[in-house]
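# Results of the structural survey
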Amino acid sequence: MAAIKQGDTVRIHYTGTLQDGKVFDSSEGRDPLEFAVGTGQIIPGLESALPGMEVGEKKTVQVPCQDAYGPINPAMRQEIPREGIPDDIPLEPGTQLQMQTPDGQALPVTVVDSDEATVTLDANHPLAGQDLVFDIEVVSIN
């Protein structure tokens, strides 16, 4: 049976959990995730666990934050004047918003705090700073 190598297109089923066991993503009930190994389409810590695996093989992979979405970058957190935000925009902590960068790119942000004068927004990936666990199963190798 063939083992996964760089350049192969693979399909895997996966369940991603935080260290406390909370599921943050899963292919359960959906088609398997398909990607080419070695092309950077998935996080490095998961991709590096795949070479050598075979169809039907299952594995639990521990992925430290630096090999997932990286550590939290304090520079990605910014206080902005509340007056610059329309009144109809919800500003409760945890609210996901979308801003636009000066060059027109969409930038997802999360409200982390607000008071009468300012709103603190965080543009870090929601899983930044988190060590992750993936239970994976190889479905196919092409």
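Before going into details, it helps to say that this report is about the structure given with it. Given the structure is predicted, the values throughout are model-derived calculations rather than measurements. (Residues numbered from 1 in each chain as written. Predicted model: local features only at pLDDT ≥ 70, side-chain atom pairs only at ≥ 80, totals over all residues. Heavy atoms only, no water.)

## Structural notes on the sheet that holds strand β5 (residues 77–81)
On the basis of which strands lie adjacent, the open sheet formed by four strands has the order β5-β8-β7-β6 and antiparallel pairing. With one partner strand each, in any of the chains shown, β5 and β6 (96–100) form the two edges of the open sheet. On average, each strand axis in the sheet is inclined to that of its neighbour by 45°, with strand direction left out of account. With four bridges joining them, strand β7 (residues 106–114) and strand β8 (residues 118–122) adopt antiparallel strand pairing. Bridged to V111 within β8 is L121. (Pairing = 2+ DSSP bridges. Helix = DSSP H or I, 4+ residues; strand = E, 2+ residues; numbered from the N terminus. Axes fitted to C-alpha atoms, helices over the stretch in contact; angles between N-to-C directions.)

## A look at the pairing of β8
Within β8, five of the five residues are buried, which leaves it mostly tucked inside the rest of the structure. Residues of β8 alternate between two faces, with T118, T120 and D122 on one and V119 and L121 on the opposite face, all of them buried. Of the strand pairs in this sheet, β5 and β8 are connected by five bridges, and their pairing is antiparallel. Across the sheet, Q78 pairs through a bridge with L121, a residue of β8. As consecutive antiparallel partners, β7 and β8 are separated by three residues. (Buried < 20%, exposed > 50% of the residue type's maximum accessible area, 1.4 Å probe, protein only.)

## Description of the pattern of salt bridges
Taken as a whole and assessed by the stated rule, the structure comprises four salt bridges. Measuring nitrogen to oxygen at the nearest pair gives 3.0 Å for the salt bridge that ties D8 to K5. The shortest N-O distance in the salt bridge between R11 and E34 comes to 3.8 Å. Of this pair, R11 sits in strand β1 (residues 9–18) while E34 sits in strand β3 (residues 33–36); the two residues are 23 residues apart in sequence, bridging distant segments of the chain. (Salt bridge = Lys/Arg side-chain N within 4 Å of Asp/Glu carboxyl O.)

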